[in-house]
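The primary structure of each chain is shown beneath.
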Amino acid sequence: MSPRIRGFRSLRAWLRGRPQAADALLAFGLLAAGLPQLFLENLPADSDLEKFRTPDLWDGLLVFVVTMALTWRRRHPMAVLVVVLAGELALAVAGYPPSLPDVAAFLIAVYSVAAHRGLAQSALGGAAAFAYFVAYLALLPVSVSPGALLTDCALVIGVWVLGRNLRLRRAYFAELEDRAARLERARGTDARAARIEERSRIARELHDVVAHHVSVMTVQAGAARRIIDRDPGSAREAMSTIEEVGRTALSEMRRIVGVLRTDRDPERAGRELAPQPGLGDLGELLDHVRETGLAVQLWIEGEARPPSPGVDVAAFRLIQEALTNTLKHAGPQARAWVRLYYGDRDLTVEIEDDGHGTATIMADDGDNPGHGLVGMYERVALYGGELKIGPRVGGGFGVRARFPLEA
């Protein structure tokens, strides 16, 4: 970009942030273009303009005041219009000829009232300007043809209508921006509610996992107490099991801390007492999905080994949510792939499809926009993992998550 273009853009940005300075420059530009013509131009001897009074210092002073009043046309448009009309009336009574600066100032003042004030004030200002203009034409020492009269009156009315339309257009766009801001705030509120709900569900699932470990610890502790005298070796083995299970339970308990848990309603309580599914139930899940008509393939790479119970549940729920989105959004001819990569320290889960539901998945996830995606992020983040969601190269949608195998 050339320095001249950069300088022009900088000047335009500076003027946009200082509208009063821009209006002052506009007034100076009108004066610079019109005053030399007013004082230096020689009129033809047989022209009707000879009936006007010869421009002098007072003419120039009145034109200067009328034109420079435009500096405040946006902040005080009604006051500027009054000043312009008073100055124009003084010029007409004194018999001075019309000039470019005062005529332009009159039209700009009419436009400013219509563009920067409400309907009542703009209508009052427009009516006053139109009445003055008709009276000004009557005061001219030269005759005005009917065609010129109609054209000039139409010009004044057109300038007022233009200002009014631009004001309505600005109000319309302002309303659109305000509505978009309200929708964005509402969407943020819905997203926060979805995170709270998802954390509640995760907390209930982790509660069941921890409750299972505590139950195992209780049974092992009772067995160790009964056999400690006659079979110390078996008692030590039971205590080792208690220690291992206790460490796992403590690890899961740390994940529950800070996760809000809402009260369960009676209708959901029975379902929540059921054992939580894991990757061992993945085959059954895929069979159910295939029964709906969606072609799903499963690949498992690396040395498969059981992750921690919480990661097991989170990975299963992630696959379940991704395949549910594929069923809802990808289309009837779509295919899906599920891949599990067991690394040395982590488990990578990939779910991809070749459907055409990318836009609808990102914008409308069921009855609550984006809540399923929010739930995915919450689940993966709870276990210190990483999640990537987005369109695939070549079409379709993809979900990739990495879970650490060790807590």
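If you're wondering where the values come from, they're calculated on a predicted model, not measured in any experiment.

The rules behind these values
Residues numbered from 1 in each chain as written. Predicted model: local features only at pLDDT ≥ 70, side-chain atom pairs only at ≥ 80, totals over all residues. Heavy atoms only, no water. Patch = residues over 30% accessible without salt bridge, like charges linked within 9 Å, V, L, I, M, F, W, Y side chains within 5 Å. Areas by Shrake-Rupley, 256 points an atom, 1.4 Å probe, with all protein chains shown as cover. Salt bridge = Lys/Arg side-chain N within 4 Å of Asp/Glu carboxyl O. Helix = DSSP H or I, 4+ residues; strand = E, 2+ residues; numbered from the N terminus. Phe/Tyr/Trp six-rings, centres within 6.5 Å; stacked < 30°, edge-to-face > 60°. Buried < 20%, exposed > 50% of the residue type's maximum accessible area, 1.4 Å probe, protein only. Polar contact = N/O pair within 3.5 Å; in protein donor to acceptor, adjacent residues only side chain to side chain. Contact = heavy atoms within 4.5 Å. UniProt positions renumbered as here; feature names shortened; annotations may be inferred. Pairing = 2+ DSSP bridges. Axes fitted to C-alpha atoms, helices over the stretch in contact; angles between N-to-C directions. Core = buried A, V, L, I, M, F, W, Y, C linked by side-chain atoms within 4.5 Å.

Caption draft 1: Spotlight on a nonpolar patch on the surface. Together, Phe 28, Trp 58, Leu 61, Phe 64, Val 65 and Val 83 make up an exposed nonpolar region whose accessible area comes to about 590 Å². Within the secondary structure, Val 83 sits in helix α4 (residues 77-94).

Caption draft 2: Representation of the packing of aromatic side chains. Counted by the stated rule, this structure contains three aromatic pairs. Centroid distance Phe 106 to Phe 133: 5.9 Å. Interplanar angle 15 degrees. Geometry classified as stacked. Of this pair, Phe 106 sits in helix α5 (residues 100-116) while Phe 133 sits in helix α6 (residues 119-139), and the two are 27 residues apart along the sequence. The exposure class of Phe 106 is buried, given its relative accessible area of 5%. We classify Phe 133 as buried; its relative accessible area is 12%.

Caption draft 3: The arrangement of the side chain of Thr 71 in detail. Within the secondary structure layout, Thr 71 lies in the loop between α3 (57-68) and α4. Judged by its relative accessible area of 9%, Thr 71 falls in the buried class. One polar contact links the side chain of Thr 71 to the main-chain carbonyl oxygen of Met 68, over a distance of 2.9 Å. Sequence-distant contacts of Thr 71, that is, excluding residues within four places in its chain, are made with Gln 20, Asp 23 and Ala 24.

Caption draft 4: Looking closely at the pattern of salt bridges. Overall, the coordinates contain 12 salt bridges when judged by the stated rule. A salt bridge links Arg 73 to Asp 23; the nearest nitrogen and oxygen atoms lie 3.1 Å apart. Of this pair, Arg 73 sits in the loop between α3 and α4 while Asp 23 sits in helix α2 (residues 19-40); the two residues are 50 residues apart in sequence, bridging distant segments of the chain. Both residues of the pair, Arg 73 and Asp 23, count as buried. Ionic pairing is found between Glu 386 and Arg 402, a salt bridge with its closest N-O pair at 3.6 Å. One end of the pair, Glu 386, is in strand β4 (residues 386-391); the other, Arg 402, is in strand β5 (residues 397-404), and 16 residues separate them in sequence.

Caption draft 5: Looking closely at the UniProt feature "transmembrane region" (unreviewed entry) in the protein. UniProt records the feature "transmembrane region" (unreviewed entry) for residues 21-40, 52-72, 79-97, 124-142 and 148-166 in the present numbering. With 100% helix and 0% strand, the stretch residues 148-166 has end C-alpha atoms that lie 27 Å from each other.

Caption draft 6: Broad picture of the pairing of β4. Inspection of the sheet shows β4 paired to β5 by six bridges, in the antiparallel sense. For Gly 390, the partnering residue across the bridge sits in β5 and is Gly 398. The antiparallel pairing of β4 with β5 creates a hairpin that spans five residues between the two strands, and Gly 394 there sits at a positive phi of about 95 degrees.

Caption draft 7: Structural context of the environment of Glu 321. With respect to the helices and strands, Glu 321 occurs in helix α11 (residues 309-329). Relative accessible area serves as the criterion here: at 22%, Glu 321 is assigned to the partly exposed category. Glu 321 sits 30 residues away from Ile 351 along the chain, and the two C-alpha atoms are 10.0 Å apart.

Caption draft 8: Inspection of the sheet that holds strand β3 (residues 346-353) at higher detail. Ordered by their spatial adjacency, five strands build an open sheet running β1-β2-β3-β5-β4, and the pairing between neighbours is mixed. Of all strands in the sheet, those with a lone pairing partner are β1 (295-302) and β4, marking the two edges. Put simply, the sheet's adjacent strands are angled 10 degrees from each other on average, direction ignored. As defined by bridge partners, strand β2 (residues 335-342) adjoins β3 across seven bridges and the pair is classed as antiparallel. Considered in β3, the bridge of Tyr 341 is made with Thr 348. The sheet contacts of helix α10 (residues 282-291) involve β1 and β2, and relative to β1 the element is tilted by about 160 degrees. Packed onto the sheet, α11 meets β2, β3, β4 and β5 and runs at close to 180 degrees relative to β5.

Caption draft 9: Focus on the nonpolar core. Grouped together as the largest cluster of nonpolar side chains are 35 residues, with contacts concentrated most on Leu 318, Ile 319, Val 349, Val 399 and Phe 403. Going through the elements one at a time, α10, α11, β2, β3, α13 (371-382), β4 and β5 are the ones with two or more residues in this core. Broken down by element, this core gets its largest block of residues, eight residues, from α11. Setting aside anything within four residues of it in sequence, one finds Val 349 in contact with Ala 315, Leu 318, Ile 319, Arg 339, Leu 340, Val 399, Arg 400, Ala 401 and Phe 403. Counting 28 residues, the second-largest nonpolar core is a separate cluster that includes Leu 85, Ala 105, Ala 109 and Cys 153.

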